[in-house]
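# Inside the fold
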Amino acid sequence: MLKLIKYIKLREWLLFLLSLVFIFAQVFLDLKLPDYMSNITRLVKTAGSDAGDVWRAGGMMLLCSLGSLASSVMVCFLASKVAAGFSRRLRAVIFEKVESFTLEEINAFSTASLITRSTNDVNQVQMLIIMAMQVVVKAPVMAVWAIMKIAGKAWQWSLATGIAVAVLTVLLLVVLKFTFSRFKKIQWLQDALNHAARENLNGIRVVRAHNAEDYQEKKFEKANTDLLENSLYVNRVTTLMSPFMSLTMNCLSMSIYWIGAVLINSVASGTAAAVELRVGIFADMIVLMSYAMQVIAAFIMIIIVIMIAPRALVAAGRINEVLETEPKVTDGTRDGNTGLRGEVEFRNVSFTYPGGSGAVLENISFTAHRGETVAFIGSTGSGKTSLVNLVPRFYDVTEGEVLVDGVNVKEYVLEELYKKISYVPQTSVMFSGTVKSNVLFGSHAREERLEKALGISMSEEFVDELEDRENSEMAQRGTNFSGGQKQRLSIARALSREAEILIFDDTFSALDFKTDRELRDALNRETEGMTKLIVAQRIGTIMSADRIIVLDEGRQVGTGTHGELLKSCEVYRQIALSQLSEEELAL
Ligand code: DCP
Ligand code: MG
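The rules behind these values
- Each chain carries its own residue numbering, running from 1 in the direction its sequence is written.
- Written order determines the labels here, with chains lettered from A and ligands numbered from 1.
- The predicted origin of the model limits local features to residues at a pLDDT of at least 70 and limits the giving and counting of side-chain atom pairs to 80 or more, whereas totals for whole chains, interfaces and linings rest on all residues.
- Heavy atoms from the whole structure form the basis of all side-chain values; hydrogens and water molecules are not counted.
- Put simply, DSSP marks the helices as runs of H or I at least four residues long and the strands as runs of E at least two long, and each gets a number from the N terminus on.
- The globule rule used here is 2.2 Å times the number of residues to the 0.38 power, and the radius of gyration it is set against is calculated over C-alpha atoms.
- Note on definitions: a residue-residue contact is assigned when non-hydrogen atoms from the two residues lie within 4.5 Å.
- Here, Shrake-Rupley sampling with a 1.4 Å probe gives the accessible areas, and only protein chains in the shown set may cover a residue.
- Counting rule for charge: Lys and Arg are taken as positive, Asp and Glu as negative, and neither His nor the chain ends is counted.
- Taken as the charge centre is NZ of Lys, CZ of Arg, CG of Asp or CD of Glu, depending on the residue.
- In this analysis a donor is any N, O or S atom within 2.8 Å of a metal ion (3.2 Å for sodium, potassium and calcium), and since water is not included, sites may seem incomplete.
- Buried means the residue's accessible area, taken with a 1.4 Å probe over protein chains only, is under 20% of the maximum for its type, while exposed means over 50%, and partly exposed covers the values in between.
- When DSSP finds at least two bridges between two strands, those strands are taken to pair.
- Each reported salt bridge corresponds to a side-chain nitrogen of Lys or Arg within 4 Å of a carboxyl oxygen of Asp or Glu.
- For this analysis, a ring pair means two rings from Phe, Tyr or Trp (six-membered ring only for Trp) whose centres lie within 6.5 Å, classed as stacked if their planes differ by under 30 degrees, edge-to-face if by over 60, and tilted for the remaining angles.
- Throughout this document, a residue counts as near a molecule or strand when at least one of its heavy atoms sits within 4 Å of that molecule or strand.
- Definition of a polar contact: a pair of N or O atoms within 3.5 Å, with one able to donate and the other able to accept a hydrogen when the atoms are protein atoms, and with sequence-neighbouring residues admitted only if both atoms are side-chain atoms.
- Under the scheme applied, nonpolar residues are Ala, Val, Leu, Ile, Met, Phe, Trp, Tyr, Cys and Pro; charged residues are Asp, Glu, Lys and Arg; polar residues are all the others, including Gly.
- Nonpolar core, defined: a set of buried Ala, Val, Leu, Ile, Met, Phe, Trp, Tyr and Cys residues in which side-chain atoms within 4.5 Å join the residues together.
- Note on method: axes are straight lines fitted to C-alpha atoms, helices fitted across the in-contact stretch only, with angles between N-to-C directions ranging 0 to 180 degrees.
- We call two directions roughly parallel when the angle between them is under 35 degrees, roughly antiparallel when it is over 145, roughly perpendicular when it lies between 65 and 115, and oblique otherwise.
- Less than a right angle of anticlockwise turn of the near helix away from the far helix marks a crossing as left-handed, whereas a clockwise turn marks it as right-handed.
- Expected span of a helix, by definition, is 1.5 Å for each gap between consecutive residues, and there is one gap fewer than residues.
- Working definition: the arc comes from the directions between the helix axis and the C-beta atoms, pointing outward to the latter.

The subject of this paragraph is the overall build of the protein. Per the secondary structure count, the protein includes 21 helices and 12 strands. Over its C-alpha trace the protein gives a radius of gyration of 37 Å, far above what one expects of a compact globule, namely 25 Å for 587 residues. Along the first, second and third principal axes, the C-alpha set of the protein runs to 130 × 45 × 45 Å. Restricting to contacts in the protein with at least 6 residues of sequence separation, those with at least 24 account for 77%. Surface exposure of the protein reaches about 29800 Å², of which carbon and sulfur atoms provide 59%. The protein carries 61 positive and 65 negative side-chain charges, and their two centres are separated by 10 Å.

In structure tokens, the structure reads:
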């Protein structure tokens, strides 16, 4: 929690200070009430006093109450404002931080957990701030102030109040002991619940098709029941507090009256002075009753805050974890002006996934010069995606070097590196918006490139048929487009940028053969100066590449053109033979 304080801005501190003024006003007014009450008691008990005085004292009491009410409304208002502003900033900071994460950090936290951390956890912190601002200052001030006022009266009363406070403290400690660890667990279970719900929604089609609703429900049920059980436990224990608190309070009032009765009885009766003394003790008792109740009320307020604090503290800790995680991939210092344009080189690159057991890539070396097409082929899981992910530094190499334009990718300012590269992932990603906003993603300066990009990527043929053409709506994750259409649009997105290096990760596999061919022809024509790294499954897609790298279980088992590899590389021959006839290969 303390570490999050630095995100509170000056404006909120000022509002907080302002709220202190109202808190003091409220405490002052609340504690003024008993004085008037004792006045009234005296007036009523003293013969010959004026009814007007009683009315006046009563009127003042009413005013004090109204003033106290107004102050507490103000404090509540200010607290909400501070807490809401703070949590808005917190969410923004988390969002920004998560954007800087690489896949490694995101996987380490898990997407579900990152979502709960930036929503539910922030809410917990927000709630604590609202409560704390109303109570943390007010309660101790009230308690101390009230105790000071009690101190002047008979000591027996102070003792009774002291005992009540001690009993409540012990009670509180016992409850905390039983609930603290559970609060932590509840936040984690929230992650699990979120995870189950997300997974189910993302895979809803598979779930339907496999009649797996019951299976999924059971998984969700487990997460849900775990959460229920822990919440119930915590609530049961905390609810126990309430009757015990009432009991303590009632015992305290009883003791105060009892002590009062004994004190009054102990005054020898008969004289007028004795009557006066008794009235005095009686008035004290009435006042004391109110003060004691204020002390207990202050105490109860503290208890409530302490009750919600553990959960919020756990939440704050989790938020802080995110904010303090430094992404492994960090900015270098070089800008993009290196003299060369569009050259990619791998020098003895080996790569193991963070936390993974074995090397996924071993000793890969090749160079792609400006304008060349270098293709990667290999069976499923041979490391093609892993290889091309190293160029835009989605991960960093374990050994060796990846150079872009002659400079190690680690040396670039990340933004400069990204400027050089256009990347089309294996599974196309669409964002809610329009076709246009998806293709010109993140930039509006290149409108004139839109048509061209749509043209080269063969998207025009289906975009033209849409009612609003490029302004047609795209649903979240592009569910209103076909797989092949999405793939073409993501190719268009890559082409709309003026990058030097194009990376296609198996982007052509969802296209029919005809479109695949036409698209490649258009690409070759229009992107002459760009270097292309193409991952593919089909020999046909890459046959004409300048260089083909054959991967087998992470090892580079062949490098060369189609013709060379057919002669020299057995793995390549096998792949080729499985797709084309002997005659086609002979060409
Ligand atoms: N792998 C891993 N952790 C990840 C991603 C992959 O441990 N986050 C492993 C699984 C594979 C190996 O790395 O054994 C290579 O995975 P790739 O995704 O690089 O494989 P390909 O892209 O070659 O396979 P495909 O053709 O199926 O896309
Ligand atoms: Mg892949």
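What follows continues from the structure just given.
This paragraph deals with the coordination of the magnesium ion (ligand 2). Only Thr 385 (OG1) and Gln 426 (OE1) from the protein reach the magnesium ion (ligand 2) as donors, at distances of 1.8 to 2.3 Å. Of the two residues, Thr 385 is situated in helix 11 (residues 384-389) and Gln 426 in the loop between strand 6 (421-424) and strand 7 (433-434); the sequence distance between them amounts to 41 residues. Classification of Thr 385 as partly exposed rests on a relative accessible area of 25%.

Another point: the pairing of strand 10 (residues 531-535). If a strand is regular, its side chains alternate between the two faces of the sheet. Counting buried residues along strand 10, 5 of its 5 residues qualify, which places the element largely inside the surrounding structure. Because side chains alternate across strand 10, one face comprises the buried residues Thr 531, Leu 533 and Val 535, and the other comprises Lys 532 and Ile 534, equally buried. Two strands pair when backbone bridges link them, and strand 3 (residues 373-378) and strand 10 are joined in this way by 4 bridges, in the parallel orientation. Looking at the pairing, Thr 373 lines up with Lys 532 of strand 10.

As a further point, take the side chain of Arg 493. Mapped onto the elements of the fold, Arg 493 is located in helix 16 (residues 483-495). No salt bridge forms around the buried Arg 493; measuring N to O, its nearest opposite-charge neighbour Asp 505 is 13 Å away. Excluding residues that lie within four positions of it along the chain, Arg 493 makes contacts with Val 429, Met 430, Phe 431, Asn 438, Val 439 and Phe 441.

It is worth spelling out the packing of aromatic side chains at this point. Under the criterion given, the structure shown has 12 aromatic pairs. With centroids separated by 5.7 Å and ring planes inclined at 50°, the aromatic side chains of Phe 351 and Tyr 395 adopt a geometry described as tilted. One end of the pair, Phe 351, is in strand 1 (residues 344-351); the other, Tyr 395, is in the loop between helix 11 and strand 4 (399-404), and 44 residues separate them in sequence. The class for Phe 351 is buried, based on a relative accessible area of 2%. Aromatic side chains Tyr 353 and Tyr 395 sit 5.1 Å apart centroid to centroid with 90° between the ring planes, which places their arrangement in the edge-to-face category. Note that Tyr 353 is positioned in the loop between strand 1 and strand 2 (361-368) and Tyr 395 in the loop between helix 11 and strand 4, a separation of 42 residues in sequence.

Glancing now at the site of ligand 1. Neighbouring residues of ligand 1: Tyr 353, Val 360, Thr 380, Gly 381, Ser 382, Gly 383, Lys 384, Thr 385, Ser 386, Gln 426 and Gln 537. For ligand 1, an oxygen atom lies 2.9 Å from a polar atom in the backbone of Gly 381. Between ligand 1 and Lys 384, the relevant distance is 2.7 Å, taken from an oxygen atom to a side-chain nitrogen or oxygen of the residue. Expressed as a share of its isolated accessible area of 600 Å², the protein-covered part of ligand 1 is 62%. Looking at the shell around ligand 1 residue by residue, the classes come out as 2 nonpolar, 8 polar and 1 charged.

Another aspect to go through is the nonpolar core. Ranked by size, the top nonpolar core spans 49 residues in total, and within it Trp 157, Met 241, Leu 252, Ile 256 and Ile 303 carry the most contacts. Only helix 1 (10-45), helix 5 (120-135), helix 6 (138-151), helix 7 (155-202), helix 9 (213-266) and helix 10 (272-324) provide two or more residues apiece to this core. A total of 19 residues in this core trace back to one element, the largest contributor, which is helix 10. What Met 241 contacts, discounting residues up to four positions off in sequence, is Leu 171, Leu 172, Val 175, Ile 303 and Met 307. Among the nonpolar cores identified, the runner-up in size contains 43 residues, and Ile 534, Leu 566, Ile 575 and Leu 580 belong to it.

Our focus in this paragraph is the environment of Phe 180. The residue Phe 180 is located in helix 7 in this model. Considering only alpha carbons, one finds Phe 180 and Lys 3, 177 residues apart in sequence, at a separation of 20 Å.

So, on to the packing of helix 14 (residues 447-456) against helix 16. Interaxial distance between helix 14 and helix 16 falls to 8 Å at its minimum, and their mutual angle equals 135°. Relative to helix 16, helix 14 is oriented oblique. As helix 14 packs across helix 16, the resulting crossing turns out to be right-handed. Residue-level contacts link Arg 449, Ala 453, Leu 454 and Ile 456 of helix 14 to Leu 489, Ala 492 and Leu 495 of helix 16.

A rise of 1.5 Å per residue sets the reference length of helix 17 (residues 513-526), with its 14 residues, at 20 Å; its end C-alpha atoms lie 20 Å apart and thus fit the reference within 8%. Every buried residue of helix 17 is accounted for by Thr 515, Asp 516, Leu 519, Arg 520, Ala 522 and Leu 523. For helix 17, the angular spread of buried residues about the axis comes to 165°, placing them on one side. Away from the buried face of helix 17 by more than 90 degrees, exposed residues Phe 513, Lys 514, Arg 517 and Arg 525 are located. Elements in contact with the buried residues of helix 17: helix 14, helix 16, strand 9 (501-505) and helix 18 (539-542).

Turning our attention to helix 14. Considered for burial, the residues of helix 14 that qualify are Leu 450, Ala 453, Leu 454 and Ile 456. One side of helix 14 holds all its buried residues, which, seen down the axis, span an arc of 160°. Turning to helix 14, the residues buried within the fold contact helix 13 (435-439), helix 15 (460-463), helix 16 and helix 17. One or two residues past the end of helix 14 sits Met 458, with phi positive at roughly 60°.

Take the pattern of salt bridges next. Considering all chains together, one arrives at 24 salt bridges under this definition. Salt-bridge contacts for Lys 420 lead to Asp 405; the nearest nitrogen and oxygen are separated by 2.6 Å. Residue Lys 420 is located in helix 12 (residues 414-420), and its partner Asp 405 is located in the loop between strand 4 and strand 5 (407-408); the two are separated by 15 residues in the primary sequence. Each member of the pair Lys 420 and Asp 405 is classed as buried. Of the charged contacts in the structure, one is a salt bridge between Glu 518 and Lys 514, with a shortest N-O distance of 3.6 Å. Of this pair, Glu 518 and Lys 514 both sit in helix 17, 4 residues apart, which is roughly one turn of that helix. Taking relative accessible area as the criterion, Glu 518 reaches 29% and is therefore assigned partly exposed. The class of Lys 514 is exposed, set by a relative accessible area of 56%.

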